[in-house]
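Each chain, letter by letter, is given below.
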Amino acid sequence: MLPLEGIRILDMSRLPPCSQATMYLADMGAEVIKIEATAAAGERAVGYASEPSPPMTKAGMRISAYNALNRNKKSLGLNLKSDDGRQIFHKLAETADVVFEGFRPGVTKRLGVDYETIRKINPKIIYCSLTGYGQTGPYASLPGHDINYIALGGALGLIGSEKSDPVIPLGFVGDAAGGTLHAVIAILGALAAREKSGVGQYIDVALTDGVVSLLGMLSVWYFQNGDIPKRGHIAASGDFPEYGVYQTKDGGYVALGAMEPYFWENVCKEVGREDLIPAPKELGKESEEIRETMRKIFLTKTRDEWFDLLAPKNIPITKVNNVAEVFSDLHIRARKMVMELDHPAFGKVKQAGFPIKYSETPLQVRHFAPFFSQNEDELLEEVGYFDDERERLRQEGVIGQPSQRVGIKAHA
């Protein structure tokens, strides 16, 4: 049994922060149904990072095999701008536990699939909206991407060296941590609350709100003392000699996290520079001189040599891996963060593993990512649409037109 077995989720979202959230829920056993736009819906392209289900072609099969973000999900092409499309969605909503969407505020209301409409159909529904700025506030309707949310939420201005421009941390802070993870937490909490009350609810998750919450102790110190943290002056910013990234002899890098005094002492002893103890508490001439000294020292050995020398000496040091090195690392593989799945066309297919390890209800990949509208027959038949009616809906562009509908299961 899986943790969310028996939970049905209708997912209208389009972008990776949303797709990753519903991937986690699907991995936990939820039946996630991707509601995808048909050609007749006339939707604009949603950007380079969108995650639509592919057509049932050779190229599409390869996408399906490797697209972990859509694994364990089903797909139904549906034109929500049509009356028939809305009616189908409403019928599916009667059987759902969760509706998930990532449109800008007001879009679902115009489509007739907003929370107020759906809860009249299903009072126990949990309806989660994940947006950049939330459903309220003066910025609610503005467009944005990760860079905008982490800028507004205070994270971007704090990342990087004192002497550099702010450093963009890919989409990890805003999209993934601020959005994806907070949405998953919110949905799990709402499901737990419904178990007690029997009542569903609306969830408003904003990536910007998530970024603000991730400031953590920095916000505590600001409210407590009025201290405004500055880029490069935070202990974990990378400008202090004991906590930062150093280039090595072979052009690689190591990450040193010797923040505690005893760790720094271990480093200095191992490199024969006990005169550098203790580490400076403030940035300045002394810290710059020590960092320059350490920079020269780390250039005397290769990345792997430094790791092999210092890691066993109770020193927080790691190699700075590229993506290929991540998935070949002995520890990452020991943690089962690389899965090999049996695919009928491609043999062994690798995907990133599960970050959550349950002892009693371990997660599993039940099937690969779906093809576009692959599951329309089973889903529409369930709510009363049979062969002739489905064909009419296809001809009118209300539902998808998959070239084939096949089920490809995954085996670890």
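Look a little higher up for the structure.
In what follows, the accompanying structure is described. (Residues numbered from 1 in each chain as written. Predicted model: local features only at pLDDT ≥ 70, side-chain atom pairs only at ≥ 80, totals over all residues. Heavy atoms only, no water.)

Re the pattern of salt bridges
And then number 1: Applying the stated criterion across every chain yields a total of 26 salt bridges.
And then number 2: For the salt bridge of Asp304 with Lys319, the shortest nitrogen-to-oxygen distance reads 3.7 Å. Of this pair, Asp304 sits in helix α12 (residues 303–310) while Lys319 sits in strand β9 (residues 317–319), and the two are 15 residues apart along the sequence.
And then number 3: Take Asp304: its relative accessible area is 32%, and that puts it in the partly exposed class.
And then number 4: Where salt bridges share partners, they join Glu376, Asp377, Glu381, Asp387, Arg390, Glu391 and Arg394 into one cluster. (Salt bridge = Lys/Arg side-chain N within 4 Å of Asp/Glu carboxyl O. Helix = DSSP H or I, 4+ residues; strand = E, 2+ residues; numbered from the N terminus. Buried < 20%, exposed > 50% of the residue type's maximum accessible area, 1.4 Å probe, protein only.)

Here's the deal with the nonpolar core
And then number 1: By size, the foremost hydrophobic cluster in this structure holds 37 residues, and its most contacted members are Ile9, Phe100 and Ile187.
And then number 2: Mapped by element, the contributors of at least two residues to this core are α1 (16–27), β4 (98–101), β5 (126–131), α7 (172–197), β6 (201–206) and β10 (338–343).
And then number 3: Per-element tally for this core: the top contributor is α1, with six residues.
And then number 4: If we skip the residues at most four places from it in the chain, Phe100 touches Ile9, Leu10, Asp11, Met12, Ser13, Cys18, Ala21, Thr22, Cys128, Leu130, Ala183 and Ile187.
And then number 5: Phe103, Tyr115, Tyr385 and Leu393 belong to the second largest nonpolar core, which has 28 residues in total. (Core = buried A, V, L, I, M, F, W, Y, C linked by side-chain atoms within 4.5 Å. Contact = heavy atoms within 4.5 Å.)

Notes on the pairing of strand β11 (residues 347–352)
And then number 1: Strand direction decides the pairing type here: β10 and β11, joined by six bridges, are antiparallel. Each residue of the ladder has a partner; that of Met339, found in β11, is Gln351. (Pairing = 2+ DSSP bridges.)

Let's talk about the packing of aromatic side chains
And then number 1: All told, the structure shown has nine aromatic pairs when counted by the stated rule.
And then number 2: On the numbers, 5.8 Å between centres and 35° between planes, the contact of Tyr127 with Tyr202 is tilted. Of this pair, Tyr127 sits in strand β5 while Tyr202 sits in strand β6, placing them 75 residues apart in sequence.
And then number 3: What makes Tyr127 buried here is its relative accessible area of 1%.
And then number 4: Ring geometry for Tyr222 against Phe223: centres 5.4 Å apart, planes inclined by 55°, an arrangement best described as tilted.
And then number 5: Residue Tyr222 is classed as partly exposed on the basis of its relative accessible area of 41%. (Phe/Tyr/Trp six-rings, centres within 6.5 Å; stacked < 30°, edge-to-face > 60°.)

As far as function goes, none of this settles anything; it's purely spatial.
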